[in-house]
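Chains, contacts and geometry: an overview
If you want the building blocks of each chain, they are given just below.
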Amino acid sequence: MEEAGKKMMALLDAGQNEQALTFFLDDIAQLTSDELDELRSAPIRDTQMDMFHQTLLPGLEVAGEYE
């Protein structure tokens, strides 16, 4: 999970929010291709991409510290 987090952060640092969100949903959350297609066509897609790093990542960082 640590390597996946590093890859996701590198994508975000490069300004590639859509790729980072897709990576998270596909590789980490392991959504099916049908679920990914549904999310891609959702009206809130742009908001998800813009807010991904502000909403989900802090929670992941806290979860990573939990033992």
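An account of the accompanying structure is given in this report. (Residues numbered from 1 in each chain as written. Predicted model: local features only at pLDDT ≥ 70, side-chain atom pairs only at ≥ 80, totals over all residues. Heavy atoms only, no water.)

Summed over all chains, the structure comprises three salt bridges. A salt bridge links lysine 6 to glutamate 3, with the nearest nitrogen and oxygen atoms 3.8 Å apart. Here the residue lysine 6 and the residue glutamate 3 both occupy positions in helix α1 (residues 2-13), the gap between them amounting to three residues, near one helical turn. For lysine 6, a relative accessible area of 48% puts it in the partly exposed group. Judged by relative accessible area, glutamate 3 falls into the exposed class, the value being 58%. Here glutamate 18 ties to arginine 45 by a salt bridge, and the two come within 3.5 Å at their closest N and O atoms. Of this pair, glutamate 18 sits in helix α2 (residues 17-28) while arginine 45 sits in helix α4 (residues 45-65); the two residues are 27 residues apart in sequence, bridging distant segments of the chain. (Salt bridge = Lys/Arg side-chain N within 4 Å of Asp/Glu carboxyl O. Helix = DSSP H or I, 4+ residues; strand = E, 2+ residues; numbered from the N terminus. Buried < 20%, exposed > 50% of the residue type's maximum accessible area, 1.4 Å probe, protein only.)

Attention now goes to the side chain of arginine 45. Judged by relative accessible area, which is 7%, arginine 45 ranks as buried. Within polar-contact distance, the side chain of arginine 45 engages the side chain of glutamate 18 at 3.5 Å. Excluding its chain neighbours within four sequence positions, the residues that come into contact with arginine 45 are Glu18, Leu21, Thr22, Leu39 and Arg40. (Polar contact = N/O pair within 3.5 Å; in protein donor to acceptor, adjacent residues only side chain to side chain. Contact = heavy atoms within 4.5 Å.)

Interaxial distance between α1 and α2 falls to 7 Å at its minimum, and their mutual angle equals 160°. Taken together, the axes of α1 and α2 are roughly antiparallel relative to one another. As for how α1 packs across α2, the hand of that crossing is left-handed. Where α1 approaches α2, its residues Ala4, Lys7, Met8, Leu11 and Leu12 are matched on the opposing element by Asn17, Gln19, Ala20, Phe23, Phe24 and Ile28. Tallied by class, residues from the contact of α1 with α2 come to eight nonpolar, two polar and one charged. (Axes fitted to C-alpha atoms, helices over the stretch in contact; angles between N-to-C directions. Parallel < 35°, antiparallel > 145°, perpendicular 65-115°, else oblique. Left-handed = near helix turned anticlockwise from the far one by under 90°. Nonpolar A, V, L, I, M, F, W, Y, C, P; charged D, E, K, R; others polar.)

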